Structure formats: C-alpha cells, structure tokens
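Take a look at the letters that make up each chain.
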Amino acid sequence: MSERDGVEVVDSVTAAFGRTYGAAPTGVWSAPGRVNLIGEHTDYNGGLCLPIALPHRTYAAVSRRDDDVLRIASVQQDGIVEVALGDVSPGQPGGWGAYVAGVLWALRRDGLDVGGLDVLVDSTVPLGSGLSSSAALECAVAAAASDLFGLDLLGSRSGRARLAARCVEAENVIAGAPTGGMDQSASLLCDERAALLLDCRSGETRQVPFDLDAAGHVLLVTDTKAEHALVDGQYAARRDACEQAARDLGVETLREVDPAALGAALQRLGSDEVRRRVRHVVTEIERVGQAVAALEAGDLDEVGRLFDASHASLRDDYEVSCDELDVATETARSKGALGARMTGGGFGGSCIAIVAAEDVEPVSTAIAEAFASHGFAAPVSFAVTASGPAARNR
Ligand code: GLA
C-alpha cells in the first residue's frame, strides 16, 4: 500500500501549490504507477503485455495560465522549472521537467489547442524503482491538460489511448528514453481489480479480472533499490537488436514470428546472442496468452509457473536481470511463492511474486535477510492490489 493515502496527498499538494504560486490550483489530477504481470520487452515488438495499475500515484495540482509559459515544481525537488512551450525540444528542459513539458509539446504537435500551466507535483510512486514513476507523471499532467483545455479525452477509451500515445512521444522525443508504451497505457487505461491485456500491434485492450484476495493470495512487490535507468544504453540496445532481427527475418515486428516455426526462424539469424533475444520475445508473447487463460481459469499455480519461466527467459536469454532481482525472486520461491519475476525494464528496479496472504511477512523478511547477507542495499516489499487509472481528484 502507499505510505500516504490519496486524500492526504491531494491536500498537501494543494497547499504546496498555494505556497509556490500564491493562489489555489484549479484542480488536482493523479495517475498510477504500474507493475507488469507478464509480457516484458514485448511492447516495442508489437507484442502482448499485462500490466496492473498500482495504488501508488503521482498527483499534479494544476492551473491554466494565460500565456504559453509552463512552470513546474515538485514536493520532491527544489526550485521551479520554467520554460516557454515554443522552446520545448529534445533535452530542453532537461531532467524531470522533460516529462511534463514533453506532454504539452506532444499535445500541441497533435494539433490540440494547449497553452501554459502552473504545475505542482507530489508522488507516492517510489522514484527509480521500475514502477513507472515517469509515466505516472506524464499521465497526471496529460489528464490535467485534457480537462483544463477542454480536450475531453479522459471520457472515452479512445481519448485515453490518444493521451497515452502523446505521453509516449514526450518520453521518446523530449526526455530521450526509447520506451515502448506499455507504462502510459497502463496508467491511463487500467481498471481496478483487473489487469490490462494490451495488444501493442493492434492497440486493442481487454480487462482481465485480477483479484488474488479471493484466492487467499497477494501480489508482493519488492523494490530492490538496485539502480535502474532507462535512458542508459542497455534498453536501447535491446530494442535495436529486436528491430534489426525483425528486418533480417523480413517481418515488420517480432510479433509476426510464428512460435510454432521459431526454430527455423532462429536458424536464419547470425549470432547466438540475437537468437536468444528473439527467443525471449517470441516465447514471452506466448506466455502472456497462457497467463490470461490461467487467470481466467483461476489456476494461480500455472500463473506462478509462467512468472518463473518469464524470469528465467529475461535473465538468461534477454540478459536484463541483475543479482538483486535474481536473489529476490529465488528467495521468494524458496519461501513458497507460487512464482516470481522481475517486472519492468530490468537492470535493477522491482520484482513481483504471488504469495499466500499469510506468507507476506516471512517472504519479505527472508528477502531482506538474503539481501543483507549479499551486502545489497535494504529492499522494500509491499503487497499491492490492481487499482484505477488516471483521473481528476479535486
Ligand atoms: C520499461 C518501458 C516499457 C517496456 C518495459 C519492458 O518499463 O518503459 O515500455 O518496454 O520496460 O517490458
């Protein structure tokens, strides 16, 4: 659960806005972080993924301005970032302001009539933990802009999908992180008590009921505190390798590779490394379909088995895990978790495990002890439920 509840944060971000800008905000909007249940590094390959929205959210107190100036401040950061919307470009503004300014830039490029804003941000999404704090920030600002400029995009799923696409452009072009789009779709389109089956080829979405409580289980998230950065070269290198492999195979994306003919496709690729990358993507897309079927059949043992297989594939074939993620997932399994896997881009960040409700404490403690004995930073574990999408709070 979040350490602070929503009402408390709405109040404090409203007060912080008043202290910073000398007037009350017009409103407060928020958007959730996410964990992906399964389907990792598939979004930019036209594949399937299955995220849920977290109870942890980023809140933005916002007012419209009469000019084209954007001012951004945060409870978590010092100072005010100020930029004229006409000056927003790749790297301008730098740092976290890019995720806010980029959204307005992308909405304008989409032909929407968007002007300046005063924005004050607060967040209960742990930063840098692989739980999509940046997407939550983008989507909270996009939700505010939609309401304040009368764009009316929050009221329909197609409008929300359009906002998500603009948030992805903000992240790809202005913030310079070549991510695939799952996080922004999750933040704008997930429903409570459901996972979002996202088909990144067609753009279609479907809600899959996800409520482990009824089965006496919980989804345990462990933030490993291992450093994780998507702007570094590793994520981009994986994406480039997949796009090159698709070209070599003569397909638009790796989604087109028939799992039944995977062996033959792999033989046409030049290196063992590329073959392993492609094998991960193709088998992972298959696992998403299997996980949806297992969830719909109430077969949590099978979901857990698929989590384990996904982690092994990400660790051995895609090579995006790290020691902390491997130790956390192995420890969870050894203490009775039905399955455990890294979630998000990898190279640090968080993992998830399906554990019996009564095992939350023993599993969390065992992970903390294993981290201490390896000399890793202390991890933070917490149970989560599937929560609601970006919305206006006040
Ligand atoms: C990050 C990216 C997503 C996705 C995942 C891996 O979270 O932002 O687009 O590629 O990594 O599944």
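Residues numbered from 1 in each chain as written. Predicted model: local features only at pLDDT ≥ 70, side-chain atom pairs only at ≥ 80, totals over all residues. Heavy atoms only, no water.

**Here's the deal with the layout of surface pockets**
What the second largest pocket holds in volume is close to 420 Å³. Taken together, 24 residues line the second largest pocket, and the ones lying closest to its centre are D43, G180, C200, R201 and G203. Of all the secondary structure elements, the ones that give two or more residues to the lining of the second largest pocket are helix 4 (157–174), helix 5 (182–189) and strand 7 (194–199). Of the residues forming the lining of the second largest pocket, the biggest block, 4 residues, is contributed by helix 4. Residues of the lining of the second largest pocket, tallied by class, amount to 9 nonpolar, 9 polar and 6 charged. (1 Å grid on protein atoms, 1.4 Å probe; cavity = no way out; pocket = protein on both sides within 12 Å on 5 of 7 lines; lining within 4 Å. Points joined across faces, edges and corners; volume = space filled by probe spheres on them. Helix = DSSP H or I, 4+ residues; strand = E, 2+ residues; numbered from the N terminus. Nonpolar A, V, L, I, M, F, W, Y, C, P; charged D, E, K, R; others polar.)

**Structural notes on the sheet that holds strand 1 (residues 27–36)**
As summarised here, the arrangement of the 6 strands in space is 5-4-6-3-1-13, forming an open sheet in which the pairing is mixed. Only two strands of the sheet have a single neighbouring strand rather than two, namely strand 5 (77–84) and strand 13 (391–392). Running over the sheet, helix 1 (residues 6–21) touches strand 1, strand 3 (51–64), strand 4 (69–74), strand 5 and strand 6 (117–123) and is turned about 140° from strand 6. (Pairing = 2+ DSSP bridges. Contact = heavy atoms within 4.5 Å. Axes fitted to C-alpha atoms, helices over the stretch in contact; angles between N-to-C directions.)

**As for the sheet that holds strand 8 (residues 205–209)**
Pairing in this open sheet of 3 strands is antiparallel, and the strands run 2-7-8 from one edge to the other. Of all strands in the sheet, those bounded by a partner on one side alone are strand 2 (48–49) and strand 8. Direction of pairing for strand 7 relative to strand 8: antiparallel, over a ladder of 5 bridges. Following the sheet pairing, L198 is matched in strand 8 by T205. Across the sheet, helix 5 lies against strand 2, strand 7 and strand 8, angled at about 135° from strand 7, the strand it touches most.

**Thoughts on the pairing of strand 3**
With respect to burial, strand 3 is a largely interior element, 13 of its 14 residues being buried. Across 7 bridges, the pairing between strand 3 and strand 6 is antiparallel. Paired with A61 across the bridge in strand 6 is L120. (Buried < 20%, exposed > 50% of the residue type's maximum accessible area, 1.4 Å probe, protein only.)

**A few points about the state of the cysteines**
For the coordinates displayed, the defined rule picks out 0 disulfides. Cysteine C190 shares no disulfide, and the gap to the nearest cysteine sulfur, in C49, comes to 9.6 Å. No disulfide involves C242; its nearest neighbouring cysteine sulfur is the one of C200, lying 13 Å away. The class of C242 is buried, set by a relative accessible area of 1%. (Disulfide = S-S within 2.5 Å.)

**Things to note about the site of the ligand**
Around the ligand there are 14 residues in total, and E40, H41, D43, D183 and Y235 lie nearest to it. One of the side-chain N or O atoms of D43 is found 2.5 Å from an oxygen atom in the ligand. Between the ligand and Y235, the relevant distance is 2.6 Å, taken from an oxygen atom to a side-chain nitrogen or oxygen of the residue. About the coverage of the ligand: the protein hides 99% of its 310 Å² of free accessible area. The class makeup of the residues in the shell around the ligand is 4 nonpolar, 6 polar and 4 charged. (Near = heavy atom within 4 Å. Polar contact = N/O pair within 3.5 Å; in protein donor to acceptor, adjacent residues only side chain to side chain. Areas by Shrake-Rupley, 256 points an atom, 1.4 Å probe, with all protein chains shown as cover.)

**Re the environment of A145**
Structurally, the position occupied by A145 is in helix 3 (residues 133–148). In this structure A145 touches L104, L107, G150 and L151, once residues within four positions along its chain are discounted.

**A look at the packing of aromatic side chains**
Taken as a whole and assessed by the stated rule, the structure comprises 3 aromatic pairs. An angle of 55° between the planes, with centres 4.7 Å apart, marks the rings of F17 and Y21 as tilted. Residue F17 and its partner Y21 are located together in helix 1, separated by 4 residues, close to a single helical turn. Each member of the pair, F17 as well as Y21, is classed as buried. Here F371 and F376 contribute two aromatic rings whose centre-to-centre distance is 5.2 Å and whose plane-to-plane angle is 85°, an arrangement assigned as edge-to-face. F376 shares its class with F371; the two are buried. (Phe/Tyr/Trp six-rings, centres within 6.5 Å; stacked < 30°, edge-to-face > 60°.)

**Some remarks on the pattern of salt bridges**
Tallied over the full model, the rule gives 28 salt bridges. A salt bridge links R193 to E192; the nearest nitrogen and oxygen atoms lie 3.6 Å apart. Here E319 and R276 are joined by a salt bridge, their closest N and O atoms 3.2 Å apart. Highlighted residues: E319 in the loop between helix 9 (300–316) and helix 10 (323–334) and R276 in helix 8 (residues 272–296), separated in sequence by 43 residues. (Salt bridge = Lys/Arg side-chain N within 4 Å of Asp/Glu carboxyl O.)

**Focus on the nonpolar core**
Core analysis: the largest hydrophobic core is formed by 71 residues, its most contacted members being L37, L50, I52, F210, L219 and L254. A total of 9 residues in this core trace back to one element, the largest contributor, which is helix 8. Summarising the domain contributions, this core has at least three residues from each of domain 1 (6–210 + 388–392) and domain 2 (212–384). Setting aside its immediate chain neighbours within four residues, L37 contacts L50, P51, I52, A195, F210, L219, L295, F307, R341 and I352. Membership of the second largest hydrophobic core comes to 52 residues, among which are A101, A106, L137 and C190. (Core = buried A, V, L, I, M, F, W, Y, C linked by side-chain atoms within 4.5 Å. Domains from an automatic or database assignment.)

**Details of the packing of helix 4 against helix 5**
Helix 5 packs onto helix 4 with a crossing angle of 145° between their chain directions and a minimal axis gap of 9 Å. Note that helix 4 runs across helix 5; the crossing there is right-handed. For the pair helix 4 and helix 5, contact is made by R157, R160, A161, L163, A164, C167, V168 and E171 and by Q184, S185, L188 and L189, respectively. Residue classes in the contact of helix 4 with helix 5 are distributed as 7 nonpolar, 2 polar and 3 charged. (Left-handed = near helix turned anticlockwise from the far one by under 90°.)

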